[in-house]
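Analysis of the macromolecular model
Below are the chains, spelled out letter by letter.
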Amino acid sequence: MNPADNLERSIRQFQVTTSIETDRRILDDAFAALEESAPEESAGLGRTVRQIVVFPRVMKLAAAAAVAVVACALLFKALSPKAVELPQVYQALQKAENLCVSTYADAEAEPIQQVWTSRTLKVVMYKSQAGAQEQFDLFDIPNRLKKTRYFGPRFRGDKPAPTEAGAVSTERLAAEQAIRLERSISGVFELLPFAGMDSAPKGSRWSKVPDEDMGASVPGTQVYDLTWAAEGFSYKRRIFVDAKSDLPKRVEYYFRQKPQDQYKFERMQVAEYPAEKEIKLLIKEIFGPDQDRPAKPGYIGTPEHRPQDTAEKE
Amino acid sequence: MLEDQRLLWRLKRGDKEALRTIYERYKDNMLTVATSLLHDTGSAEDVLHDVFVSFAMSVRKIELHSSLRKYLITSIINRVRDRFRTKKHHIVELDEVGPVSSNSESPERSAILSEESRLLAGALARLPLEQRETIVLHLKADMKFKQIAQMQGISISTVQGRYRYGLSKLRTILNGEMKK
């Protein structure tokens, strides 16, 4: 087969593999480098004459230091953030005025979907992939309008450029659709499955994950696991709660079928809380300034992107 | 990325198994990127060796701001650029290009390349380094044009241009090879 026929696919499939010999050589050297970089352990334990002579004085200093450490520990405990309960997180989320939730199927990849919600503006904007294009859907509840705009590969850049207009279509939102949307933005989306442990299934648990188990986690957060069982599955949500605001900053979704199984990672959502003006600016960048946006069903943009149904109606 | 962070955390505490897991996970991707850029599996393995040993040496100081894969691929790119800069590796000229370096044909050498891959690697080597790097970063390291632009310190449109021209030239080279 000529690789020129499908060049991009051929390059993606091009793979070079190391041999066992190479692996051994690199790993041996890497292990040695790791050991070399290890922090030095304290010197030998044998007591010298000098150590014996100065020992009592050292002991006094050590005792004083121990008292100071205990005092610091008590002070730290008093100042350290208190444990957060699930209802606190739920309430904080209900009070948040603006929210951006990015969903990741794979922690290494780009988000598969982003949703911006402004409770003050009563708008919801979705960004998702539609084939090679990016699709933005704006639901404007007060004006009962839905606007859609696509950005194809040639429009991709640092951010969408309104001057290189892709397709924008506007359609009327049905009354019941607007009501449903309004109801949905007053909730907590899907970040939390329950308002509190009272409403969770029997046997559910809300427990703090010890900091030392988290490694490099999200700074400024405390981490909690919410576990419950339903319909033959066990679920776990690992929730990274902001220590100051009680708002969730990251939620990881896991599940397993049997109790003896390891939990499997399903997806992750990252929550941010932008200001209202940031959401306004984003909408302006994507859909253009207010005066350029059609306030009624219609279509602006390049002719080749015109949706069939809009073209027929006009 | 979460799993990577956990591995990195274990590695910072001297866990060799974590180092082995990271190596197993990313070695082929790293080697492929290096081979695509250098057109010499021997040199590419040297780069992989240097990057990984240096990673193990300095892991305690590393603060990860993106994925571990991107960090390691970026290290490979930087090391490849160093080789070109310090003339350890010369840019392959049109006339010099043959199959991937003869080093790879020795039984001791590690890389295993199919005939189609050899053809592709040979054609890639004929591209200017900038175009080659852009194509490899986009298709083999899954980096977006925006990320490549940031990494190379150029505009996105320049990156897109290099990618487009590079692919077009590659297609011409490969079609020419098939006619021979």
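Remember, predicted model here, so these are calculated numbers, not experimental data.

1. A look at the overall build of chain A
Along the backbone of chain A there are eight helices and twelve strands. For chain A, the residues scored as buried account for 21% of the 314 residues in total. Here the contacts in chain A between residues at least 6 apart in sequence split such that 47% fall between residues at least 24 apart.

2. A few points about the overall build of chain B
Looking only at helices and strands, chain B has eight helices and zero strands in total. What you see in chain B, going N to C, is helices and strands ordered as α-α-α-α-α-α-α-α. Buried residues in chain B amount to 41% of all 180 residues. Intrachain contacts of chain B at a sequence separation of at least 6 include 67% that bridge at least 24 residues.

3. What to know about the packing of helix H2 (residues 16–38) of chain B against helix H3 (residues 41–58) of chain B
All names here are of chain B. Their axes nearest at 9 Å, the elements H2 and H3 cross at an angle of 140°. Judged by the inter-axis angle, H2 sits oblique to H3. Relative to H3, the crossing made by H2 is right-handed. Every residue of H3 that contacts H2 at Leu-19, Tyr-23, Lys-27, Met-30, Leu-31, Ala-34, Thr-35 and Leu-38 is listed here: Thr-41, Ser-43, Ala-44, Glu-45, Val-47, Leu-48, Val-51, Phe-52 and Ala-56. Here the contact of H2 with H3 is composed, by residue class, of twelve nonpolar, three polar and two charged.

4. Quick notes on the pairing of strand S9 (residues 233–242) of chain A
Residues and elements named next belong to chain A. In this structure, strand S8 (residues 221–230) lies alongside S9, joined through ten bridges in antiparallel fashion. Directly across from Val-223, in S9, lies its bridge partner Phe-240. Here S8 folds back onto S9, and the loop between the two strands holds two residues, one of which, Glu-231, carries a positive phi near 50°. When S9 meets strand S10 (residues 248–256), the two strands line up antiparallel, connected through eight bridges. Bridged to Lys-236 within S10 is Tyr-254.

5. Brief notes about the nonpolar core
Within soluble globular proteins, side chains that are nonpolar generally end up buried alongside one another. Judged by nonpolar contacts, the single largest core of 53 residues is most densely connected at B:Met30, B:Ala34, B:Leu48, B:Phe52 and B:Ile76. For this core, the leading source of residues is H2(B), giving ten residues. Apart from the residues within four sequence positions on either side, B:Ile76 is in contact with B:Met30, B:Val33, B:Ala34, B:Val47 and B:Val51. By size, the runner-up hydrophobic cluster in this structure holds 15 residues, among which are A:Val123, A:Val124, A:Val168 and A:Ala178.

6. Things to note about helix H7 (residues 276–287) of chain A
All names here are of chain A. With twelve residues, H7 ought to run about 16 Å at 1.5 Å a step, and its terminal C-alpha atoms sit 16 Å apart, in line with that. Buried within H7 are the following residues: Ile-279, Leu-282, Ile-283, Ile-286 and Phe-287. One side of H7 holds all its buried residues, which, seen down the axis, span an arc of 105°. For H7, the exposed residues set more than 90 degrees away from the buried face come down to Lys-277 and Leu-281. Note on H7: the residue one or two positions beyond its end, Gly-288, has a positive phi of about 85°.

7. A word on the environment of A:Val209
All names here are of chain A. One can find Val-209 in the loop between strand S7 (205–208) and helix H6 (211–214). Val-209 gets classed as partly exposed once you count the C-beta atoms within 10 Å, which come to 15. Taking the C-alpha atoms as reference points, Val-209 and Ile-239, separated by 30 residues in sequence, lie 9.6 Å from one another.

8. Some points on the pairing of strand S11 (residues 264–272) of chain A
All names here are of chain A. Pairing geometry for strand S1 (residues 98–104) and S11, over five bridges, is antiparallel. Note that in S11 the partner of Ser-102 across the bridge is Val-270. Relative to S11, S10 runs antiparallel, the two sharing six bridges. Bridging across to S11, Val-251 finds its partner in Gln-269.

9. Considering the confidence of the model for chain A
All names here are of chain A. Taken as a whole, chain A shows an average pLDDT of 74; of its residues, 68% reach a score of 70 or greater. Looking at the elements of chain A, mean pLDDT is at its lowest for helix H8 (residues 308–313), recorded as 44, and at its highest for S7, recorded as 91. Within the model, pLDDT remains below 50 along residues 40–56, and this stretch shows one contact once partners closer than five positions in the same chain are excluded. Across residues 154–165, where pLDDT falls below 50, the model places 16 contacts with residues more than four positions away in sequence or in other chains.

10. With respect to the confidence of the model for chain B
Any region with low pLDDT has predicted coordinates that should not be read closely. All names here are of chain B. Across chain B, the average pLDDT comes to 78, with 80% of residues at 70 or higher. Here residues 89–112 is a poorly scored stretch, pLDDT under 50, and it has 48 contacts once near neighbours within four places are set aside; other chains count. Reported for the predicted complex are a pTM of 0.45 and an ipTM of 0.79.

11. Looking at unusual backbone geometry
Residue and element names in this part refer to chain B. Although it is not a glycine, His-39 sits at a positive phi angle of roughly 60°. Along the chain, His-39 turns up in the loop between H2 and H3. The buried category is assigned to His-39, around which 24 C-beta atoms lie within 10 Å. With a phi close to 50°, Asp-142 is a non-glycine residue in the positive phi region. Within the secondary structure layout, Asp-142 lies in the loop between helix H6 (129–139) and helix H7 (145–152).

Rules behind the numbers
Within each chain, residues carry numbers counting from 1 in the order of the written sequence. Note on labels: chains are lettered from A, ligands numbered from 1, in written order. Given that the model is predicted, a residue must reach a pLDDT of at least 70 before its local features are reported, and side-chain atom pairs must reach 80 or more before they are shown or counted; all residues, however, enter totals for whole chains, interfaces and linings. For the purposes of this entry, the term helix denotes a DSSP run of H or I that reaches at least four residues, the term strand denotes a run of E that reaches at least two, and both are numbered from the N terminus. Exposure classification rests on a simple neighbour count of other C-beta atoms within 10 Å of a residue's own: a residue reaching 20 or more is buried, one at 12 or fewer is exposed, and one in between is partly exposed. C-beta atoms are placed from the backbone. With C-beta atoms placed from the backbone, a contact is any residue pair whose C-beta atoms sit within 7 Å. Between N-to-C directions, angles span 0 to 180 degrees; the directions come from axes that are lines fitted to C-alpha atoms, helices contributing only their stretch in contact. Roughly parallel here means an angle under 35 degrees, roughly antiparallel means over 145, roughly perpendicular means 65 to 115, and every remaining angle is called oblique. Note on convention: the crossing is left-handed when the near helix lies turned anticlockwise from the far helix by less than a right angle, right-handed when the turn is clockwise. Residue type decides the class: Asp, Glu, Lys and Arg count as charged, Ala, Val, Leu, Ile, Met, Phe, Trp, Tyr, Cys and Pro as nonpolar, and the leftover types, Gly among them, as polar. Strands are treated as partners if at least two bridges between them are detected by DSSP. Remark: nonpolar core denotes a set of buried Ala, Val, Leu, Ile, Met, Phe, Trp, Tyr and Cys residues whose joining runs through C-beta atoms within 7 Å. Helix span is expected to be 1.5 Å times the residue number reduced by one. The arc in question is formed by the directions pointing from the helix axis toward the C-beta atoms. Confidence scores per residue from the predictor, reported as pLDDT, run from 0 to 100.

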